[in-house]
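Architecture at a glance
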Amino acid sequence: MPAEIGSVKVEIDELAARLAKLFDGELVDVSIQMPDTVIAHLDRSVLRDVARRLKQLPEIGYDSCNWIAGVDQLTHLESVYHLYSFATNTYLELHVQVPRDKATCPTVSDVWPSADWHERESWDMVGIKYEGHPDLRRILLKDDWIGHPLRKDYVDLVENHPNV
Amino acid sequence: MSDQFATPVPDAATQLALDRIRQSEEAGHGSDMAGLGFNQVVVNMGPQHPSTHGVLRLVVTLDGEMVRDVIPVIGYLHRCKEKLAEKRTYFQYIPIVDRTEYVASMNCEWGYVMTVEKLAGIEPTRRAEFIRVIAAELNRIASHLVAVGTFVADLAPLGTAMVFYMFRDREIILDLLESLSGARMMFNYFRFGGVRYDLPDGWVEQCRDFLDRFPKMVDEYEALVKTNAIFLQRTMGKGVITRQDVADYAITGPNARASGVATDLRRTRPYSVYPELDFNVCLAEHGDVFDRYQVRIDEMRESAKIVRQCLDMLPRGPVQVGSLRPPYVITPPPGSAYTAQENPRGEYGTYIVADGSRYPYRLKYRDPCFINLQIFPKLLRGNKIADAVAISGSMDLVLGGIDR
Amino acid sequence: MGLRDNLPPAIAGRLKYPKLEHFQQPNVITTTADFIFSWARSHSVFPFTYGLACCAIEMLSSGFARFDVARYGMEVFRPTPRQCDLMIVAGTCNEKMAPVLKRLYDQMAEPKWVISMGACATSGGPFYDGYNVVNGVDKVVPVDVYIPGCPPRPEALFQGLLELQKVIQQMKFVPPKLEKAGAGEPGVETAPAAAVQPAAAAGER
């Protein structure tokens, strides 16, 4: 059951410090974006463990996954997780770097059910494959589309356009 | 001429539905309690359907009239908006954001403009903030009129009078917004640092006249259906979203408030001048279809209250920052930002990654309808197919936002 | 059967009933039939609401009380293509939707017309350079009337419907001047006379 919104009053920098201490070594580069977002970077190997523990934190648990985006930074891909905590009424933004040649990332759809379609969309648009996802197939484009459009090196092929 | 007599080849979603039937039969769930045996049929409520409010396709696995499983297939309106953001400047992109949730365009523009202002460090003027609230709340009323009107029209074939009254009143609001911005639906009104036009002469009096008449109109709509036994039976107790579902599936907006979770971004993460305004967050208890309808009706009244307060508190001043050289071509410094605002359907947010050039590097929408649709299979399982229409109407889906 | 069997054979042999095959060119009977049939067809069109996107909301508004499409006889919006004459494509068509659009067009019965409403259906609109967008539904189905606008006001939609009424009223049972093309065929042909005339004129010279 989600807590009452804003029932736990914590200042954002104190929250960032607390998270950095709780996940020492796993959450790196913890910073704040006003008014109420904590940003951190994460390695994909510890993602599932940290996700489960974030959800089950007493008092300040991050019980809702707001969205997941795939971003193509030119040297690597990035999977951005945006989490929301009902109790503290704050957001947590996690950045997970994914190499371009082996673009896989563990799934968090069993921790937060709402991550399901976001991961499918990230696979569809950017091409990050989420291991362990129950049903990873294209969501917005046709099933036989070739390529991942939101990559910066996307080339639109003629086979994708039978109707022109 | 397509070969309409060929045996159809199932596509991915239909094949998935057929596979799940086969798996459930192999696992031994092949008979019901009376030993009569399931006979599961896969029915396609295709992209073109009178009740799905847009091009949503539902691959429904039916057993008689009971729904066993639903696979929503979306993407029939995918217009590549996130990729187009990389080809248009920040300013050129404002009309495209309009067309995301086309029934509530002012709110969508506000979500985008707020993020760009945060990235570029632009503060809108005070008069513009009030005008933005007025425009957004009027558009919220118009959007709820469409949502509730089409929902009630689905439950009874278009012979219901309610949708005609609601669209009549929506035309009054669209006239007001047209004299404000120039267009009936896709307004292109918000700018970085303010709004495009000031209020025309006589607009405030027209608006007040509408607001004086509006509460009686809402009472009229409610009186048309609230004692109708068939409407109550079809909506009460159906499609219940629990409080745990609201957290698990990140449901926001009236769908969440109908379950008792007071998530209203105008109160929990206030933006613009909402802290100075006095309004109630409309909640309900049960989270069923009737409660979602009731929350939207109550919100229309609250929005009218907000607009009246803003008209009273409207300060003088410019409506756009930099009146001699308004910011048309802006180049925000590299960085990323996410802001959200309260759309009629939930939390509508935009996440923009800027790289210092005139074009956004990556734009990602947090669209409430896309996220609210994920709970659909869970809500429909075990209900009858007729309830699918009621539940999907009450979730208030706009495919422009789902598919972007 | 009927009247002809009961008449004495002397009279029956001399009666000539007009058949459509006898008409080499339009005359008062065919043009009167044209007028009645096309008046009926154009003033009671059953539209098929193929509302894809934002233009669908304007189409919906045009059906309700303020902009009343019933005064043109077109208020019977049927959701199934089998019962419709006119397909109003309102919104953007993309690669995933195009096969569906084609299939629905094929399911309509002749005679059928297509209106492409809005900038997206005409030419791709504001999304013309999207990878997934079909630039105009006329790449998929033949279009009779194009209505520009984003979205077109209901009054613009009505002007398009009136243009469509003019198109429907050009249908003829016997097209004029079919000398070279053989006897006038029964059935509705909107074969433009201009296509036949140059060949006829060249043959005469």
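Residues numbered from 1 in each chain as written. Chains lettered and ligands numbered in written order. Predicted model: local features only at pLDDT ≥ 70, side-chain atom pairs only at ≥ 80, totals over all residues.

1. Let's talk about the nonpolar core
Convention followed: A set of buried residues drawn from Ala, Val, Leu, Ile, Met, Phe, Trp, Tyr and Cys, joined through C-beta atoms within 7 Å, is what defines a nonpolar core. Burial is judged by counting the other C-beta atoms within 10 Å of a residue's own C-beta: 20 or more makes it buried, 12 or fewer makes it exposed, and any count in between marks it as partly exposed, with every C-beta position built from the backbone. By definition, any uninterrupted DSSP run of H or I lasting at least four residues is a helix, any uninterrupted run of E lasting at least two residues is a strand, and each is numbered from the N terminus. Residue pairs are scored as contacts if the distance between their C-beta atoms, which are placed from the backbone, is within 7 Å.
Formed by 205 residues in total, the largest nonpolar core has its most connected members in C:M87, C:I88, C:V89, C:A90, C:C93 and C:M117. In terms of residue count, helix α5 (residues 126-155) of chain B provides more of this core than any other element does, 18 residues in total. With sequence-adjacent residues up to four places away left out, C:A90 is seen in contact with C:Y50, C:G51, C:L52, C:C55, C:A56, C:M59, C:M117, C:G118 and C:A121.

2. Notes on the sheet that holds strand β3 (residues 64-73) of chain A
Residues and elements named next belong to chain A. We apply this condition: In this scheme, strands are said to pair when DSSP sees at least two bridges between them. Note on definitions: angles span 0 to 180 degrees between N-to-C directions of axes, and those axes are lines fitted to C-alpha atoms, for helices only across the stretch in contact.
Read from one edge to the other, the open sheet built from five strands follows the order β1-β2-β5-β4-β3, with strand pairing classed as mixed. Pairing within the sheet leaves two strands with one partner each, and these edge strands are β1 (28-33) and β3. In this sheet, adjacent strand axes meet at a mean angle of 20 degrees when their direction is disregarded. Examined bridge by bridge, β3 and strand β4 (residues 76-85) share nine bridges and lie antiparallel to one another. Residue pairing for β4: D72 is matched across the bridge by L77. Sheet strands in contact with helix α1 (residues 12-22) are β1, β2 (37-42) and β5 (90-98), and its direction is about 165 degrees off that of β1.

3. Some remarks on the interface of chain B and chain A
Heads up, the rule is: Lys, Arg, Asp and Glu make up the charged group, whereas Ala, Val, Leu, Ile, Met, Phe, Trp, Tyr, Cys and Pro make up the nonpolar group; the residues left over, Gly among them, are polar.
Listed as interface residues are 30 residues of chain B and, on the opposing side, 28 residues of chain A. Every element with two or more residues in the side of chain B that touches chain A is listed here: α2 (81-84), α9 (243-248), β7 (346-354), β8 (362-366) and α13 (368-372) of chain B. Take the side of chain B that touches chain A: its biggest share by element is five residues, from α9(B). Across the side of chain B that touches chain A, the residue classes break down as 14 nonpolar, six polar and 10 charged.

4. Brief notes about unusual backbone geometry
In most cases, non-glycine residues show a negative phi, while peptide bonds are predominantly trans. Residue C:E110 is joined to C:P111 through a cis peptide bond whose omega torsion reads -10 degrees. Its identity as a non-glycine residue notwithstanding, A:D29 has a phi of 55 degrees, on the positive side. Tracing the chain through its elements places A:D29 in strand β1. One non-glycine residue, B:D396, lies in the positive phi region at around 60 degrees. Along the polypeptide, B:D396 turns up in the loop between α15 (385-395) and α16 (399-403). For B:D396, a count of 27 C-beta atoms within 10 Å corresponds to the buried category.

5. Re the domain arrangement of chain B
Residues and elements named next belong to chain B. Note the following rule: By convention here, the domain bounds are inherited from an automatic or database domain assignment.
The domain boundaries assigned to chain B delineate domain 1 (12-73) and domain 2 (81-403). Between the C-alpha centres of domain 1 and domain 2 there is a distance of 33 Å. On the side of domain 2, 18 residues touch domain 1, which itself brings 15 residues to the contact. Among the elements of the structure, β2 (57-63) and β3 (66-73) are those that each provide at least two residues to the side of domain 1 that touches domain 2. Looking at the side of domain 1 that touches domain 2 residue by residue, the classes come out as eight nonpolar, four polar and three charged.

6. Examining the sheet that holds β8(B)
All names here are of chain B. In spatial order, the strands read β6-β7-β8; together these three strands make up an open sheet with antiparallel pairing. Taken across any chain shown, the strands that pair with only one partner, and hence form the sheet edges, are β6 (335-343) and β8. The sheet shows a mean angle of 15 degrees between the axes of neighbouring strands, direction not considered. Pairing between β6 and β7: nine bridges, direction antiparallel.

7. Describing the pairing of β8(B)
All names here are of chain B. Counted residue by residue, β8 has five buried out of five residues, so it is predominantly covered. Direction of pairing for β7 relative to β8: antiparallel, over a ladder of five bridges. Residue G349 lies in a different strand from β8, and its bridge partner there is R366.

8. Notes on helix α3 (residues 115-125) of chain A
Within α3(A), 11 of the 11 residues are buried, which leaves it mostly tucked inside the rest of the structure. Those residues of α3(A) not exposed but buried are A:A115, A:D116, A:W117, A:H118, A:E119, A:R120, A:E121, A:S122, A:W123, A:D124 and A:M125. Residues of α3(A) that are buried in the fold lie against β3, β4 and β7 (129-131) of chain A together with α13 of chain B. Backbone geometry just downstream of α3(A) places A:G127 in the positive-phi region, at approximately 90 degrees.

9. Focus on the packing of helix α6 (residues 162-181) of chain B against helix α7 (residues 203-225) of chain B
All names here are of chain B. How we decide: By the definition adopted for this analysis, an angle is roughly parallel if under 35 degrees, roughly antiparallel if over 145, roughly perpendicular if from 65 to 115, and oblique otherwise. Left-handed describes a crossing whose near helix is turned anticlockwise from the far helix through less than a right angle; right-handed describes the clockwise counterpart.
The geometry of α6 relative to α7 is characterised by a closest axis approach of 10 Å and an angle of 165 degrees between their N-to-C directions. Classed by the angle they form, the pair α6 and α7 counts as roughly antiparallel. The chirality of how α6 crosses α7 is left-handed. Listed contacts from α7 to M162, Y165, M166, D169, I172, L176, S179 and L180 of α6 are W203, Q206, C207, F210, M217, E220, Y221, L224 and V225. Here the contact of α6 with α7 is composed, by residue class, of 13 nonpolar, two polar and two charged.

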